[in-house]
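# Descriptive structure summary
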Amino acid sequence: MDNKTASATQHKQAETQPEMRAESLRYYQPLADILETDQALLVTLDMAGVTKDRVEVSLEKNQLTIEGRIDTQRYESLKAVYAEYNIGHYRRTFLLSQEIDREGIQATLNDGVLQLTLPKRAEEQARKVTVH
Amino acid sequence: MVGTHPRFDALWDLQSAVEQAFGSSFFGPSPWTNASPKANVFNEGDNYLVTLELPGLKKEDLNLEFKGSALRISGKRQVSLPQEASTHRRERSDYQFDRTLNFKEEIDPEKIKAELKDGVLAVLLPICESAKPKAILIG
């Protein structure tokens, strides 16, 4: 390897490293509440800074994945002078023990709070047990 | 979306520095607690921009006032839970907070703007014209 190639390789490393660091650090686990009613599982997540068009919810078998991305452009002209919290995207995965009616999943996002309603399949809904 | 974000890197470095110092000039010597929503302070041109993550809060839940050189932000979050539901996991908490941030530079109180959007409160505080540094020409 001649000198020219070596310096080109070094330059490339310097360029890619901060990018990898940013990618690996910029996702956070949003805080969540999970509640259950007779008909559905209700999942609520705090995702400040996320808008509707930047939310993705997927259900793969019984694995529920929620991802929300913030608009990083909002911060581009800013210079941090004091920081208590880090800014990043959100991602969290849950394993569900119940069978969910995928078609009936509903999601709303208001004031940075994502609310998911995951209806249980009919056969999973609790039957009342009568004591004779 | 690929690319580096030097702004965010600056935030990481800054946060660890703040954590080490255990306090700051903005809030005085006392450390923050988990209960109070955390704040970031940015420079945007000649202005200060204060941001707080307040998911679920509405305008009515917040009080902002500026006095002297201090911005005071107080508010309350109450998480409403549906009745007839059993709980699997409860991480989102109710809280009440009252925080004061002090600014070294003179702020123009008439020009302060606040916005609450998608659970993020942003307060823009312009520094007074008279407080900005001026280049002096040698005559």
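Note that the coordinates shown come from a computational prediction; the quantities given were computed from them, not determined experimentally. (Residues numbered from 1 in each chain as written. Chains lettered and ligands numbered in written order. Predicted model: local features only at pLDDT ≥ 70, side-chain atom pairs only at ≥ 80, totals over all residues. Heavy atoms only, no water.)

## Remarks on the sheet that holds strand E3 (residues 40–46) of chain A
With antiparallel pairing, the five strands of this open sheet are ordered in space as E8(A)-E9(A)-E3(A)-E2(A)-E5(B). Where the open sheet ends on each side, the last strands, each with one partner, are strand E8 (106–110) of chain A together with strand E5 (86–90) of chain B. Each adjacent strand pair in this sheet contributes to an overall mean axis angle of 15°, direction not counted. Two elements, E8(A) and strand E9 (residues 113–119) of chain A, share five bridges in a ladder whose sense is antiparallel. Paired with A:Ala107 across the bridge in E9(A) is A:Leu116. (Pairing = 2+ DSSP bridges. Helix = DSSP H or I, 4+ residues; strand = E, 2+ residues; numbered from the N terminus. Axes fitted to C-alpha atoms, helices over the stretch in contact; angles between N-to-C directions.)

## Section: the nonpolar core
A general tendency of soluble globular proteins is for nonpolar side chains to be buried together. Grouped together as the largest cluster of nonpolar side chains are 30 residues, with contacts concentrated most on A:Val43, A:Leu45, A:Leu64, A:Ile66, A:Phe94 and A:Leu96. Put simply, the parts of the chain that give this core at least two residues each are strand E2 (32–36), E3, strand E4 (50–60), strand E5 (63–70), strand E7 (89–95) and E9 of chain A together with strand E8 (120–126) of chain B. Residues within four places of A:Ile66 in sequence aside, it is in contact with A:Leu45, A:Met47, A:Glu56, A:Val57, A:Tyr90, A:Arg91, A:Arg92, A:Phe94, A:Leu114 and A:Leu116. Grouped together as the second largest cluster of nonpolar side chains are 20 residues, B:Ala39, B:Val41, B:Leu57 and B:Leu125 included. (Core = buried A, V, L, I, M, F, W, Y, C linked by side-chain atoms within 4.5 Å. Buried < 20%, exposed > 50% of the residue type's maximum accessible area, 1.4 Å probe, protein only. Contact = heavy atoms within 4.5 Å.)

## Some points on the pattern of salt bridges
What the rule picks out here adds up to 16 salt bridges over all chains. Across the salt bridge formed by A:Asp33 and B:Arg92, the nearest N and O atoms sit 3.2 Å from each other. Remark: B:Arg92 occurs in the loop between E5 and strand E6 (95–102) and A:Asp33 occurs in strand E2; the pair is interchain, linking two chains. Each member of the pair, A:Asp33 as well as B:Arg92, is classed as buried. A salt bridge links B:Glu91 to A:Arg92; its shortest N-O distance comes to 2.8 Å. (Salt bridge = Lys/Arg side-chain N within 4 Å of Asp/Glu carboxyl O.)

## Regarding unusual backbone geometry
All names here are of chain A. Non-glycine residue Lys-61 carries a positive phi angle of around 55°. By the element assignment, Lys-61 lies in the loop between E4 and E5. Phi angles above zero are rare outside glycine, and Asp-111 is one such case at about 50°. Judged by its relative accessible area of 26%, Asp-111 falls in the partly exposed class.

## Some words on the pairing of E2(A)
Residue and element names in this part refer to chain A. Across the five residues that make up E2, a large majority, five, are buried. Burial along E2 is two-sided: the residues Ala-32, Ile-34 and Glu-36 and Asp-33 and Leu-35 are all buried. Pairing of E2 with E3, which is carried by five bridges, proceeds in the antiparallel orientation. Residue pairing in the sheet places Ile-34 in a bridge with Val-43 of E3. Counting the residues that bridge the hairpin from E2 to E3 gives three residues.

## A few points about the confidence of the model for chain B
Fine structural detail should not be taken from predicted coordinates in areas where pLDDT scores are low. Residues and elements named next belong to chain B. On average, residues of chain B score 82 in pLDDT, and 75% of them reach the 70 mark or higher. Per-residue pLDDT, averaged within each element of chain B, yields its smallest value for helix H1 (residues 6–21) (61) and its largest for strand E7 (residues 113–117) (97). Below a pLDDT of 50 lies the segment residues 29–35, which in the model reaches eleven contacts outside its immediate sequence neighbourhood of four places, other chains included. (pLDDT = per-residue confidence, 0-100.)

## Quick word on the side chain of A:Glu36
One can find A:Glu36 in strand E2. Classification of A:Glu36 by relative accessible area gives buried; the value is 13%. Setting aside residues up to four positions removed in sequence, A:Glu36 forms contacts with A:Leu41, A:Gln98, A:Lys120, B:Glu84, B:Ala85, B:Ser86 and B:His88.

## Here's the deal with the environment of A:Glu60
In this fold, A:Glu60 is placed in strand E4. Each C-alpha atom of the pair A:Glu60 and A:Leu95 lies 9.7 Å from the other, and the pair is 35 residues apart in sequence.

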